[in-house]
Amino acid sequence: MTYILRWTSFQAYSVFPGPCPPHNLNAQLSCLSNDLTVTWDAVRHVDHFLVSLTAASGATGELCNTTSNACSTSSLTCGHTYTVQVTSVRGDCQSEHNQSRSIHSAPCQPRGVSGHLDCVTNSAWISWDTAPGAESYTVSAVGGDAYTANCTTSNTSCEVEDLACGVSYNFTVTARNSQCESLPSASISLRTAPCSLSGITAFAQCHNSSILVEWGLTEGGAENTLHIATAEASDHTYLICNSTGGSCFLQGARCGLRYTIIVAASSDRCSSLRSPPYRLSMEPCAPGDVSVDVSCEHHSALVSWTPSPVADTYHVFAVAADGHERACNTTSSNCTMSELHCDQQYTVFVVASHENCTSKASRDATVITAPCQPSGLSETFHCDNQSAALTWVPSDNAEDYHGCAQAENGDRLYCHSTEPGCTINGLVCGKVYNFTVQASNGTCNSSFSDAVQIAGAPCPPQSVEVQEMPMQMETQVMHFSWTEVTCGEPEYLLTLTGSLLGDSHALFEISSYWTNVTYFEIPLPCSSSYVATLRSRNAAGMSDKSAPLNGTTAPCPPSGAKYSRSSSSVSVSWNSSVFATTYTLYNGSVSPQRQLCSTAGLSCSLSNVSFSSLVVTASNAAGESQPTDVMEVTSTSRRRRDLREKRIRVNGDLSAPLLDVTQALPTTVFLQWSPVEDASFYSLLVRKQGSPDDSQELTVYGESIILSALSPDSAYCFSVSAAAAADVSGPESEPACVQTGQGTTQ
């Protein structure tokens with residue numbers, strides 16, 4: 001390719017780039033002749049090609065200078081390594097070297113071959129000198145037309161086994177590398193000794209360190225001829241026994257060795273008076289270096305060991321602490337046992353076998369399988385600090401545990417513990433989590449437990465309060481309120497359960513709707529008892545119930561209110577109202593109504609009180625009922641109480657006196673009451689109506705007292721009780737009420 005460069009002076013110059021390098025370089029070697037042929041693809045605009053050959057020693061020579069795309073040479077030396085490169089040339093320029101090929105010439109022919117016979121094993125030991133370039137050697141033995149044998153090694157000696165008796169063998173050695181093999185070496189000849197004695201048999205005495213050798217006596221031979229049995233072991237040690245009979249024991253045989261045995265009628269092992277060789281193996285030695293690798297995921301274990309020479313098969317046994325047994329058989333030096341029980345310690349041992357003999361058991365190896373999947377997972381969610389306490393059934397061999405909470409979006413939180421329980425913190429209110437736990441014994445982790453799903457539900461509302469509205473139409477509105485729950489976008493549900501008029505058969509349950517405000521009003525009938533509970537909820541779930549709030553509504557108006565007149569007083573009575581703690585009598589003829597009497601009882605006596613109408617209400621902590629009118633009752637006859645009458649004692653307790661009040665002056669009253677048996681003194685309670693704090697309790701010795709200096713234009717109620725001691729008193733009398741006048745206090 002030619003490039004034209006133009007300058008500002010418009011003078012032209014020709015520039016020629018360097019030649020391209022050859023591609024697809026190929027080198028073919030003839031192993032028999034060590035001839036090398038190198039080829040490559042043709043390149044345009046090239047004058048010629050240079051082919052170089054570099055030996056491993058670093059010496060480089062030019063192999064070819066050619067215009068073609070091939071080059072051959074027969075100058076390679078055996079047992080060497082060469083590097084071939086091809087360069088394109090044009091003028092004074094040469095291409096770069098982008099390809100090269102490495103060539104190994106054929107190994108050199110082995111030399112210095114020698115050998116000797118082992119008459120016990122009927123084998124030949126052949127040795128030779130190292131051949132340059134050889135990676136391995138093969139020894140071939142040819143005896144006539146019917147007998148061949150060989151051996152291969154990377155060393156410079158080799159034992160050719162299983163040669164026939166009385167045969168002349170020619171031995172040659174051939175060297176090999178990865179590409180070629182050499183010509184065979186010069187041959188040597190060795191003749192094996194003849195075997196004229198009849199055949200023998202031998203029996204390994206397992207675990208008795210001996211071999212029983214038996215042979216047949218030579219026909220026509222002397223009965224007392226001494227025969228010698230010789231055994232050569234695979235480690236080239238010897239055992240010898242002799243006998244004039246047809247058998248003897250070779251003592252000292254060792255496990256794991258192969259023995260070749262002959263019987264001869266003389267001490268010359270290569271004598272013609274010998275048997276053919278007999279080969280056997282002793283029992284395998286116990287396998288060593290037993291190791292166990294557990295597959296945690298698959299509940300299996302790979303058992304491996306050092307192979308035992310002469311062993312044909314191996315038997316692996318595993319016994320768990322719970323009695324579970326597993327076994328496997330193999331011809332290799334490892335075996336996998338599957339379906340192992342979780343959380344068990346297994347004792348593992350290996351036995352090798354050969355024909356009818358087995359080895360002693362290997363040393364025990366122990367392994368602990370993966371912990372079982374944790375069971376019994378339970379959780380307790382703490383909404384107050386957004387944490388979850390996990391507990392589960394412990395595993396016997398577990399060293400620690402890992403708890404996990406996974407949200408629906410994949411986020412995970414963890415806890416770690418060496419005990420069967422841990423707490424996961426940092427849960428997000430309003431999210432749903434799947435909780436699992438995994439056990440670990442330091443080597444293996446168990447599978448995850450079955451998941452338990454819980455939601456980061458809000459806490460129930462706190463500080464639940466109720467405000468009672470005034471009674472209207474015998475219905476009272478209850479205003480419930482509570483503190484806001486901070487957890488996403490909560491909603492609240494108020495539930496009331498209770499009974500009407502204290503009747504256990506008249507039950508009710510009322511609920512609000514779900515609301516996002518922190519208050520709700522529910523109307524209830526008078527004289528109702530209730531238990532109020534609250535729940536909150538969000539997208540994750542619903543809270544538990546709040547602490548119950550117990551209460552009652554204001555009582556219903558008392559029924560059966562009536563009064564009767566006498567010349568000096570008015571007696572008012574009424575029926576009890578459910579849940580009422582106090583009854584109040586008002587003068588309904590004035591506005592606002594004036595309180596005349598307040599009592600926990602069901603009647604009240606009035607003296608010197610002017611009115612045109614009376615009303616009575618019932619009240620408790622929740623409020624006051626609506627008033628009910630007091631109706632006048634006409635009495636046909638009335639007997640004045642005799643204050644001297646004794647009251648009947650009830651169950652041995654002090655009785656309530658009968659109180660009588662006489663208004664002597666506008667602000668002075670005379671009080672007297674019936675005596676009570678066993679009374680030491682009396683307690684007189686003076687209550688000014690409309691002023692709950694303006695009350696007095698007086699101790700009176702006797703059954704009468706005059707009270708003066710009472711406030712004008714005020715209603716007073718009096719009651720008296722008997723006392724036997726400072727801490728023993730009887731019930732109060734029925735209250736008696738009066739209205740003071742406008743006159744001057746006397």
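No experiment lies behind these values; they were computed from the predicted model shown.

Rules used throughout
- Residues numbered from 1 in each chain as written.
- Predicted model: local features only at pLDDT ≥ 70, side-chain atom pairs only at ≥ 80, totals over all residues.
- Heavy atoms only, no water.
- Helix = DSSP H or I, 4+ residues; strand = E, 2+ residues; numbered from the N terminus.
- Rg over C-alpha atoms; globule rule 2.2 N^0.38 Å.
- Buried < 20%, exposed > 50% of the residue type's maximum accessible area, 1.4 Å probe, protein only.
- Core = buried A, V, L, I, M, F, W, Y, C linked by side-chain atoms within 4.5 Å.
- Contact = heavy atoms within 4.5 Å.
- Pairing = 2+ DSSP bridges.
- Axes fitted to C-alpha atoms, helices over the stretch in contact; angles between N-to-C directions.
- pLDDT = per-residue confidence, 0-100.
- Phe/Tyr/Trp six-rings, centres within 6.5 Å; stacked < 30°, edge-to-face > 60°.
- Disulfide = S-S within 2.5 Å.
- Polar contact = N/O pair within 3.5 Å; in protein donor to acceptor, adjacent residues only side chain to side chain.

Draft legend 1. Representation of the overall build of the protein. Helix and strand counts for the protein stand at zero helices and 63 strands. The C-alpha radius of gyration computed for the protein amounts to 61 Å, which surpasses the reference 27 Å derived for 746 residues by more than 25%, pointing to a less compact arrangement than a globule. Its C-alpha atoms give the protein principal-axis dimensions of about 165 × 120 × 40 Å. Put simply, the protein has 746 residues, and 42% of those count as buried.

Draft legend 2. Structural detail: the nonpolar core. Judged by nonpolar contacts, the single largest core of 21 residues is most densely connected at Ile 126, Trp 128, Val 139, Val 160 and Phe 171. Looking at this core, the elements that each hand over two or more residues are strand S12 (123-127), strand S13 (136-143), strand S14 (147-153), strand S15 (157-160), strand S16 (168-176) and strand S17 (188-191). The element contributing the most residues to this core is S16, with four residues. Apart from residues lying up to four places away in sequence, Trp 128 is in contact with Pro 110, Arg 111, Gly 112, Val 113, Tyr 137, Val 139, Thr 153, Asn 155, Thr 156, Ser 157, Cys 158 and Val 173.

Draft legend 3. Structural view of the sheet that holds strand S44 (residues 519-525). An order of S40-S41-S44 is seen for the three strands of this open sheet, with the pairing classed as antiparallel. Looking along the sheet, the strands with just one partner apiece sit at the ends: strand S40 (465-468) and S44. Between one strand axis and the next, the sheet turns by 25 degrees as a mean value, whatever way the strands run. When strand S41 (residues 475-481) meets S44, the two strands line up antiparallel, connected through seven bridges. Among the inter-strand pairings, Phe 480 is bridged to a residue of S44, identified as Phe 520.

Draft legend 4. Spatial organisation of the confidence of the model for the protein. Confidence in the prediction of the protein, expressed as mean pLDDT, is 85, and 92% of residues score 70 or more. Every residue in residues 1-10 scores below 50 in pLDDT, and together they form 17 contacts with partners more than four places removed in sequence or on other chains.

Draft legend 5. Structural view of the sheet that holds S13. One open sheet accounts for four strands, arranged S14-S13-S16-S17; its pairing is antiparallel. The sheet terminates laterally at S14 and S17, the two strands that pair on one side only. With strand direction ignored, the average angle separating the axes of adjacent strands in the sheet is 25 degrees. As judged from the seven bridges shared by S13 and S14, these two strands associate in the antiparallel manner. If you follow Gly 143 over to S14, its bridge partner there is Tyr 147.

Draft legend 6. Representation of the packing of aromatic side chains. Counted by the stated rule, this structure contains 13 aromatic pairs. Plain terms: the ring middles of Trp 128 and Tyr 137 are 5.3 Å apart, the flat faces sit at 55 degrees to each other, and that makes the pair tilted. Tyr 137 carries the same exposure label as Trp 128, and that label is buried. Plain terms: the ring middles of Tyr 716 and Phe 718 are 6.3 Å apart, the flat faces sit at 10 degrees to each other, and that makes the pair stacked. You'll find Tyr 716 and Phe 718 in the same group, each marked buried.

Draft legend 7. Geometry of the environment of Gly 426. Assignment of secondary structure puts Gly 426 in the loop between strand S37 (421-424) and strand S38 (432-440). Note: C-alpha distance between Gly 426 and Leu 413 (13 residues apart in sequence) is 7.7 Å.

Draft legend 8. Structural view of unusual backbone geometry. Residue Pro 592 is bonded to the preceding Ser 591 through a cis peptide linkage, with omega at 0 degrees. Within the secondary structure layout, Pro 592 lies in the loop between strand S49 (582-587) and strand S50 (594-599). Although it is not a glycine, Asp 289 adopts a positive phi angle of roughly 55 degrees. For Asp 289, the position within the fold is in strand S25 (residues 288-295). The backbone of Glu 474 shows a phi angle near 55 degrees, a positive value even though the residue is not glycine. Along the chain, Glu 474 falls in the loop between S40 and S41. You can call Glu 474 partly exposed: its relative accessible area is 41%.

Draft legend 9. Structural view of the state of the cysteines. According to the stated counting rule, one finds 16 disulfides in the structure shown. Across a sulfur-sulfur distance of 1.9 Å, Cys 717 and Cys 737 are joined as a disulfide pair. Judged by the sign of its S-S torsion, about 100 degrees, the bond between Cys 717 and Cys 737 is right-handed. One end of the pair, Cys 717, is in strand S61 (residues 715-725); the other, Cys 737, is in strand S63 (residues 736-739), with 20 residues separating them in the sequence. Cys 93 provides the cysteine sulfur closest to Cys 20, a residue in no disulfide bond, and the two sulfurs are 12 Å apart.

Draft legend 10. Quick peek at the side chain of Ser 528. Note on placement: Ser 528 falls in strand S45 (residues 528-537). Separated by 2.8 Å, the side chain of Ser 528 and the backbone oxygen of Pro 525 make a polar contact. Not counting the four nearest positions on each side in its chain, Ser 528 is found in contact with Ser 499, Leu 500, Phe 508, Gly 551, Thr 552, Thr 553 and Phe 579.

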